[in-house]
Amino acid sequence: MTKPSFDQDAANLLDDLIQRARRAGADTADALLVDGASLSLSTRLGKPEGLERSEAGDLGLRVFVGRRMAVVSSTDRGPRMIAELAERAVAMARAVPEDPFCGIAEPGQITQSWIDLDLNDPDEPSADALIEAAKATEDAARAVAGVTNSDGADASWSRSAVTLVASNGFAGGYGVSRRSLSVSVLAGEGTGMERDYAYHSTVYGSDLESPAEIGARAGRKAVAKLNPRKVKSQTVPVIFDPRLSGGFLGNLCGAISGAAITRGTSFLKDRLGQAVFAPGIQVVEDPHVRRGLRSKPFDAEGLPNYRRNLIEDGVLTTWILDLRSSRQLGLTPTGHATRGTSGPPSPSPTNVYLAPGPLSPTELMADIKDGLYVTELMGQGVNGVTGDYSRGAAGFWIENGQIAYPVSEITIAGNLKDMFRRIVPASDLRLRYGIDAPTIRIDGMTVAGM
């Protein structure tokens, strides 16, 4: 690996800030600079409704006086403010209680090299180009037979430059860009109207789906939901659409986050090294996916990060740790720190996906006599301490292995400890959201309806 070039002027600014903090009395310090620009617009019924452009820079300084820590931030990077930030941060640190687990990495822990992940698209679209893309997306959605109205379409672009410097010798940075298109439309008339949406977000504009694809998908989904029925309460197999199935990996990552483990507030707190999913299941994390939505070459404390299996053959292999939580648990940090300019780091995953299985979605539901295909979830009914799961849902009823008719006003319930063990993935994995899963099946879920 090499050390790709980064903004040396930004690094020099941060190094000067750290040196000022040390002269003011800090034992160690790190500093983060995030410069960004964004352009976003919305259209509705073919007419532009909003256009926003912003450019901003945020500077954050974290200092340590012994085991006391303070964080200060500012949007002003002038010489006078730089001097004030350093003095203020050290004064604040001296006034707070000690934290035995805080502190930056040791010099031997930081990474000295990393790879270029191609995260920064050099092309910046014009406002006119975004307007045309949003209009075309909405037009494609409204052209679907049965679509009767629109909530509008949105198009956006952004770019950020991240620079991190620390007194332990780390200095690095990288750029990140993002393009996205979305649209929401309604089908039907009067009280029988249904709404659905489609969107796509990528690092490079050239990887974005066409407006025609995104719009047509939103229109078809809205029309397919018309005239939903209710179902009786029962226990059946449930199929989750890929638009939703990655949410279970989000539940997993939250449950194995070092913050939850150190507090003892996770339903998986005693399950490290044990079977959590069925044999054969793999959950992969890879921070180095080229052009990945959550990719980054190193973590927010300057530590190296790696591809790893969070779940290997059904077994939980690791916690998601930053330096502080690793010290609390007496474990090696895993390179999962993330942070903004105004607060300390916390552990968070990067690109995570559930490895696909051998069966297509059609084959996965072929033996279901009665079941539910979920395309929409409502509410936040997940208890991270117990694993209890209860969400409002809508989708389609399955009869004799086939999608039969739309359904709504139902609730699905279970417990994530049992649900994880019953997950069966289909073969249709696509990396679209940063946390991704293919279509999945979970047997034995409670569906509450009439």
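See the structure printed just above.
So, a few notes on the structure that sits alongside this text.

Quick notes on the rules
- Residues numbered from 1 in each chain as written.
- Predicted model: local features only at pLDDT ≥ 70, side-chain atom pairs only at ≥ 80, totals over all residues.
- Heavy atoms only, no water.
- Pairing = 2+ DSSP bridges.
- Helix = DSSP H or I, 4+ residues; strand = E, 2+ residues; numbered from the N terminus.
- Axes fitted to C-alpha atoms, helices over the stretch in contact; angles between N-to-C directions.
- Parallel < 35°, antiparallel > 145°, perpendicular 65-115°, else oblique.
- Left-handed = near helix turned anticlockwise from the far one by under 90°.
- Contact = heavy atoms within 4.5 Å.
- Nonpolar A, V, L, I, M, F, W, Y, C, P; charged D, E, K, R; others polar.
- Salt bridge = Lys/Arg side-chain N within 4 Å of Asp/Glu carboxyl O.
- Buried < 20%, exposed > 50% of the residue type's maximum accessible area, 1.4 Å probe, protein only.
- Expected span 1.5 Å × (residues − 1).
- Polar contact = N/O pair within 3.5 Å; in protein donor to acceptor, adjacent residues only side chain to side chain.
- Core = buried A, V, L, I, M, F, W, Y, C linked by side-chain atoms within 4.5 Å.

## A short note on the sheet that holds strand β13 (residues 352-354)
At step 1: Taken in spatial order, the 5 strands line up as β10-β9-β8-β13-β18 in an open sheet, and their pairing is mixed. On the outer flanks of this sheet lie β10 (315-316) and β18 (435-436), each paired with one strand and no other.
At step 2: The pairing of strand β8 (residues 283-285) with strand β9 (residues 308-312) spans 3 bridges and is antiparallel. Opposite E285, over in β9, you have R308 as the bridge partner.

## Overview of the packing of helix α1 (residues 8-23) against helix α2 (residues 79-95)
At step 1: At a closest axis distance of 8 Å, the pairing of α1 and α2 adopts a crossing angle of 45 degrees. The angle between α1 and α2 places the two elements in the oblique class. In this structure, α1 meets α2 at a crossing whose hand is right-handed. Where α1 approaches α2, its residues L13, D16, L17, R20 and A21 are matched on the opposing element by I82, A83, L85, A86 and V90.
At step 2: Tallied by class, residues from the contact of α1 with α2 come to 8 nonpolar, no polar and 2 charged.

## Here's the deal with the sheet that holds strand β2 (residues 47-65)
At step 1: Across the sheet, 6 strands lie side by side as β3-β2-β1-β4-β5-β6; this open sheet has antiparallel pairing. Every other strand in the sheet has two partners, leaving β3 (68-74) and β6 (194-202) as the edge strands with one partner each. The sheet shows a mean angle of 20 degrees between the axes of neighbouring strands, direction not considered.
At step 2: Bridge count between strand β1 (residues 28-44) and strand β4 (residues 147-166): 14 bridges; the pairing is antiparallel. Across the sheet, residue S38 finds its bridge partner in β4, namely S158.

## Considering the pattern of salt bridges
Side chains that carry opposite charge are capable of pairing whenever their charged atoms lie near each other.
At step 1: Within this structure, the stated rule accounts for 25 salt bridges.
At step 2: Two residues, R20 and D16, come together in a salt bridge whose shortest N-O distance is 3.1 Å. Highlighted residues: R20 and D16, both in helix α1, separated by 4 residues, approximately one helical turn.
At step 3: Here R62 ties to D30 by a salt bridge, and the two come within 2.7 Å at their closest N and O atoms. Placement of the pair is R62 in strand β2 and D30 in strand β1, with a sequence separation of 32 residues. Side by side, R62 and D30 carry an identical accessibility label, which is buried.
At step 4: Connected through salt bridges with shared partners, the residues D118, D207, R290 and R291 form a single ionic network.

## Quick word on unusual backbone geometry
At step 1: Phi is positive for D118, which is not a glycine, with a value near 55 degrees.
At step 2: The residue D118 is located in the loop between α2 and α3 (127-142) in this model.
At step 3: The phi dihedral of E409 falls on the positive side, at around 55 degrees, and the residue is not glycine.
At step 4: Within the element layout of this structure, E409 appears in strand β16 (residues 402-415).
At step 5: Overall, the relative accessible area of 57% leaves E409 in the exposed class.

## Section: helix α5 (residues 242-255)
At step 1: Relative to the 20 Å expected for 14 residues at 1.5 Å per residue, α5 spans 21 Å between its end C-alpha atoms, a close match to the ideal helical length.
At step 2: Most of α5 sits inside the fold, with 10 of its 14 residues counted as buried.
At step 3: Taken together, the buried positions of α5 are R243, L244, S245, G246, F248, L249, N251, L252, C253 and A255.
At step 4: The distance from a side-chain oxygen at the start of α5 to the backbone nitrogen of R243 is 2.9 Å, and the residue carrying that oxygen is D241.

## Side note on the nonpolar core
At step 1: In this structure, F240, F248, L372, V374, Y389, I412 and F420 are the most contacted members of the largest nonpolar core, which totals 47 residues.
At step 2: If one sorts the elements of this core by residue count, α5 sits on top with 6 residues.
At step 3: Excluding residues that lie within four positions of it along the chain, L372 makes contacts with V236, P237, V238, I239, F396, W397, I398, V407, I410, I412 and V447.
At step 4: Formed by 26 residues, the second largest nonpolar core is a distinct cluster that contains I18, L59, V72 and V165.

The analysis is restricted to geometry; functional conclusions fall outside its scope.
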